[in-house]
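Fold and contact review
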Amino acid sequence: MLIYDSVSTLKGVGEKTREQLENMGIHTLLDLLLYFPRGYDTYRNADEMYLNGMDKIRIEAEVTKISKPFRTRTGKTMATIWFNTEFGALKATYFNMPYITSQYKIGETYQLKGKFEKKNKFIESINPIQNRDTEEIVPVYSLEGKVTGTLIKKLVRQILEKVHINENFPEDILKHEDLIDLDSAVRNLHFPQDEELLSKSLKRMKFQEMFAYSLKIMISRSRRQEEERGIRFSMSPRLKLLKESIPFDMTNAQNRVIREILLDQKKSAPMNRLLQGDVGSGKTIVALVALFNVLENGYQAAFMAPTEILAKQHFLEAEKLLAPFGVAVRLLTGSTKKKARDEIMVQLKEGKPLLMVGTHALIEEKVQFEKLGMIITDEQHRFGVNQRAKLINKNQMSEVLVMSATPIPRTMALTIYSDLDLSVIDELPRGRKEIKTVLMDHAKRTACYKKVLDEVQKGRQAYIVTPLIDLDEESDLNSVMGLLDELSKGTLKGIPMAYLHGKMTSKEKEQVMESFKAGEIKVLISTTVIEVGINVPNASMMVIENAERFGLAQLHQLRGRVGRGEYQSYCIMIAQMKSQSTRERLEIMVKSNDGFYIAEEDLKQRGTGQLFGVHQSGHSGLMLSDLASDYELFLKANAYARTVYLGNTEEDQRMKDQFLHKLSQNLNYICLN
């Protein structure tokens, strides 16, 4: 068995299955071995103490009654099956699974798995399923199409029965870092013998992955500095006039960062810089100054945003500031009309100095930049690695600036993004009022919405953010549609309201946001789609329902949607605080408006990650590791990679050659920022 053989060589993989596996990125046997579970389920054997609605257990149950499925008032189907267990009667409720009743027979006994809760005279469970797993710890894979977890396990077993995975780290580093061997790690990630071995296997593979990631960064930086030739831009004499035309005083931090970027533009090596700035710190104006200088040198430039709403916002800002200087600014998104699009294509092909603002429409094959001098991506973590790579490969030598409002502690950013030069805007514009943040228990919601009404009656607007889109009978979380129904009949009756969520089309979202910006809509109920970049100065109120469900960085991003105008703004977090640790975590938001402090505290709170919180292909390109939660381990892997990269011993050379050979085969597909 050769590890680079096609998956079609495995028993049970026909033409259709091969196609489906390849759609999931699984082409070879090695791809399959490295297709690690995204998480694990552990099921305890049934016991009275685990009937708490939280622990996952297995339970023997005999069917006593099956009710016909019916439709609920929200349009869902609901079916009920009654069982008898050693702990008493069990009522199992199934939502949107009308077929479930045909899978059970009265009088038959089944082993069920799920969460069960003892309530009064009987036990209740929602959507329990029949248990067919033999493992104590059950791997859960990301699946597509008709590929099942059972199939993945069967195929991985076939490979593991016939191969041994050779070790590629020396014995001394394994001992020094307390790492298990590679063969055991791979086997136990797919089929964990116990929790301790799973934990050790995760540690080993994360170390391996972060070691390779660090080497990749080191090659990238040295290539950029030694081999690549960028464009030397001269400083436009009109830069001074542009800065004078900005209708407000820029902060010292903004001026410092502009100097750093302009100095980069003067160098022959291409710029590769990360610009970090808290919500509302003024990154866009910095970007526009940098882009202006590129256009003054006769080049084209691209400014890419993750959503149409944000792209349009940047376009309007760019036009307002740069059009008086004769700069041609164009907008390209999915909804740009064909005539305007064709006109843009011609101008780009002719090499006309244009500032192109847009969404991922900028990276379509048809969009050909003739003379691309600079690329800026806003909220860079929201673009997939492949999307950024496509844009950068339009012109390998362009200046690259990536901007992010997601604060990462400086020391961490310097390590994680060590192939990038780092600029930080660590100062907010003068005169900006601090957003007053309040944490409220779920029981006090009425008082919160009276405050919203009060602000709306003063002429202000409000956002209400909630985790779910639709009302869900089986959840205690609030939803967009549920809140709209509740508030339009209750406290906010008669107030113009609208909703926004990810399942709406771009055009629908655009229309709602335009109405909200224009002040026609007073209260916007939304999921986290409003998290990035939307600027409505009249919005003074942010309510976050079920705040306990969001991370601190995300809460801080959401809060940043208000406080953008002259009015005192408020953020009210409504939470179900079932534990002291939840309260303490959310109190950090009340204490501080500083995104970098919040990021540091978030890191301390989360520690070194959750054993069962495995990431499948995160935006960093890492499959298992999370650079924030596994930071301590990353520092060790990074230090070891540096030793190997700079080392001269035979062992170092062997490892470097082996890893670099593998990486160089893929470097064309890797976006190195």
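What this report covers is the structure whose coordinates are included nearby. Note that this is a predicted model, so its numbers are computed, not measured.

Some remarks on the overall build of the chain
What the chain contains, in helices and strands, is 21 helices and 23 strands. Relative to the globule expectation of 26 Å for 673 residues, the C-alpha radius of gyration of the chain, 28 Å, shows essentially globular dimensions. Viewed in the frame of its principal axes, the chain has a C-alpha envelope of about 85 × 75 × 50 Å. Looking at the chain as a whole, 53% of its 673 residues are labelled buried. Once local pairs closer than 6 in sequence are excluded, the contacts in the chain between residues at least 24 apart make up 73%. Roughly 31500 Å² of accessible area belongs to the chain as shown, and the carbon and sulfur atoms make up 49% of that amount. Each charge class in the chain can be summarised by its mean position, and for the 94 positive and 88 negative side chains these summaries are 5 Å apart.

Things to note about the pairing of strand 19 (residues 461-465)
Of all five residues in strand 19, five are buried; the element is thus mostly enclosed. Burial along strand 19 is two-sided: the face carrying Gln461, Tyr463 and Val465 and the face carrying Ala462 and Ile464 are both buried. Here strand 19 runs beside strand 21 (residues 523-526); their pairing, made up of four bridges, is parallel. The residue bridging isoleucine 464 from the neighbouring strand is isoleucine 525, located in strand 21.

Overview of helix 9 (residues 283-296)
End to end, helix 9 covers 20 Å across 14 residues, agreeing with the expected 20 Å (1.5 Å per residue, within 8%). Taking burial as the measure, the 14 residues of helix 9 include 13 buried ones, the bulk of the element. Positive backbone phi, at 90°, marks glycine 298, one or two positions downstream of helix 9.

A short note on the packing of helix 8 (residues 252-266) against helix 9
Packing of helix 8 against helix 9 leaves a shortest axis separation of 10 Å and a crossing angle of 30°. By the angle between their axes, helix 8 is roughly parallel relative to helix 9. By crossing handedness, the relation of helix 8 to helix 9 is classed as right-handed. Across the interface between the two elements, Gln254, Val257, Ile258, Ile261, Leu262 and Gln265 of helix 8 pack against Ile285, Val286, Val289, Ala290, Asn293 and Val294 of helix 9. Residues of the contact of helix 8 with helix 9, tallied by class, amount to nine nonpolar, three polar and no charged.

Looking at unusual backbone geometry
If you check the backbone angles, asparagine 96 has positive phi at about 55° while not being a glycine. Position of asparagine 96 among the secondary structure elements: in the loop between strand 6 (88-95) and strand 7 (109-119). A relative accessible area of 44% places asparagine 96 in the partly exposed class. One non-glycine residue with positive phi stands out, namely aspartate 178, at about 55°.

With respect to the pattern of salt bridges
Counted by the stated rule, this structure contains 27 salt bridges. Of the charged contacts, one joins lysine 206 and aspartate 630 as a salt bridge, the two residues approaching to 3.1 Å between their closest N and O atoms. Of this pair, lysine 206 sits in helix 6 (residues 195-226) while aspartate 630 sits in the loop between helix 19 (595-606) and helix 20 (631-646); the two residues are 424 residues apart in sequence, bridging distant segments of the chain. Across the salt bridge formed by aspartate 485 and lysine 489, the nearest N and O atoms sit 2.8 Å from each other. Placement of the pair is aspartate 485 and lysine 489 together in helix 15 (residues 480-489), with a separation of four residues, close to one helical turn. The exposure class of aspartate 485 is partly exposed, given its relative accessible area of 37%.

Comments concerning a negative patch on the surface
On the surface, Asp47, Glu48, Glu60 and Glu86 cluster together into a negatively charged patch. Inspection of the secondary structure puts aspartate 47 in the loop between strand 2 (44-45) and strand 3 (52-66).

Points about the sheet that holds strand 19
Strands in a sheet are paired, the pairing made by backbone hydrogen bonds, and the direction either parallel or antiparallel. Taken in spatial order, the six strands of this open sheet run 18-23-22-19-21-20, and their pairing is parallel. Strand pairing shows two members of the sheet lacking a second neighbour, strand 18 (436-441) and strand 20 (497-500), which therefore form its edges. Looking at each pair of strands side by side, their axes are set apart by 20° on average, direction ignored. Pairing between strand 19 and strand 22 (residues 539-544): five bridges, direction parallel. Counterpart to isoleucine 464 in the pairing with strand 22 is valine 543. In the packing of helix 15 onto the sheet, the strands contacted are strand 19, strand 20 and strand 21, and the crossing angle to strand 20 comes to about 175°. Strand contacts of helix 18 (residues 580-591): strand 18 and strand 23 (570-575), with the helix running at about 155° to strand 18, the strand carrying the most contacts.

Re the sheet that holds strand 16 (residues 399-404)
One open sheet holds the seven strands; their spatial order is 13-14-12-15-16-11-17, and the pairing between them is parallel. Across the chains shown, the open sheet's two edge strands, defined by having one partner strand only, are strand 13 (329-332) and strand 17 (421-425). The sheet shows a mean angle of 20° between the axes of neighbouring strands, direction not considered. Against the sheet, helix 8 makes contact with strand 11 (272-277), strand 15 (372-377), strand 16 and strand 17, and its axis sits at roughly 155° relative to strand 17, the strand it touches most. Contacts from helix 10 (residues 308-322) reach strand 12 (300-304), strand 13 and strand 14 (355-358) within the one sheet, and its direction differs from that of strand 13 by about 170°.

Section: the nonpolar core
One broad rule of soluble globular proteins: the nonpolar side chains tend to lie buried together. Membership of the largest hydrophobic core comes to 39 residues, with the highest contact counts inside it found for Phe303, Leu355 and Met374. Counting residues per element, the ones that place at least two in this core are helix 7 (239-245), helix 8, helix 9, strand 12, helix 10, strand 14, strand 15 and strand 16. The dominant element in this core, judged by the number of residues it contributes, is helix 9, at ten residues. Leave out the neighbours within four places in its chain, and leucine 355 touches Leu288, Leu291, Leu295, Ala301, Phe303, Ala318, Leu322, Ala328, Val329 and Arg330. If you look at the next biggest cluster of nonpolar residues, it comprises 34 residues, including Leu420, Leu422, Met655 and Phe659.

Side note on the state of the cysteines
Applying the stated criterion across every chain, the model contains zero disulfides. As a non-bridged cysteine, cysteine 448 has cysteine 571 as the owner of its nearest cysteine sulfur, 9.7 Å distant.

Side note on the pairing of strand 7
The pairing of strand 3 with strand 7 spans eight bridges and is antiparallel. Its bridge partner lying in strand 7, glutamate 62 is registered against threonine 109. By the bridge criterion, two bridges tie strand 7 to strand 9 (residues 129-130) in an arrangement that is antiparallel. Its bridge partner being in strand 9, leucine 112 is matched across the sheet by glutamine 130. Taken together, the three bridges between strand 7 and strand 8 (residues 122-126) define a ladder with antiparallel strand orientation. By the bridge assignment for strand 8, lysine 118 is matched with isoleucine 123. Taking the residues between adjacent antiparallel strands as the criterion, strand 7 and strand 8 are bridged by two residues, where asparagine 120 takes a positive phi near 50°.

Calculation notes
Residues numbered from 1 in each chain as written. Predicted model: local features only at pLDDT ≥ 70, side-chain atom pairs only at ≥ 80, totals over all residues. Heavy atoms only, no water. Helix = DSSP H or I, 4+ residues; strand = E, 2+ residues; numbered from the N terminus. Rg over C-alpha atoms; globule rule 2.2 N^0.38 Å. Buried < 20%, exposed > 50% of the residue type's maximum accessible area, 1.4 Å probe, protein only. Contact = heavy atoms within 4.5 Å. Areas by Shrake-Rupley, 256 points an atom, 1.4 Å probe, with all protein chains shown as cover. Lys, Arg positive; Asp, Glu negative; His and termini not counted. Charge placed at Lys NZ, Arg CZ, Asp CG, Glu CD. Pairing = 2+ DSSP bridges. Expected span 1.5 Å × (residues − 1). Axes fitted to C-alpha atoms, helices over the stretch in contact; angles between N-to-C directions. Parallel < 35°, antiparallel > 145°, perpendicular 65-115°, else oblique. Left-handed = near helix turned anticlockwise from the far one by under 90°. Nonpolar A, V, L, I, M, F, W, Y, C, P; charged D, E, K, R; others polar. Salt bridge = Lys/Arg side-chain N within 4 Å of Asp/Glu carboxyl O. Patch = residues over 30% accessible without salt bridge, like charges linked within 9 Å, V, L, I, M, F, W, Y side chains within 5 Å. Core = buried A, V, L, I, M, F, W, Y, C linked by side-chain atoms within 4.5 Å. Disulfide = S-S within 2.5 Å.

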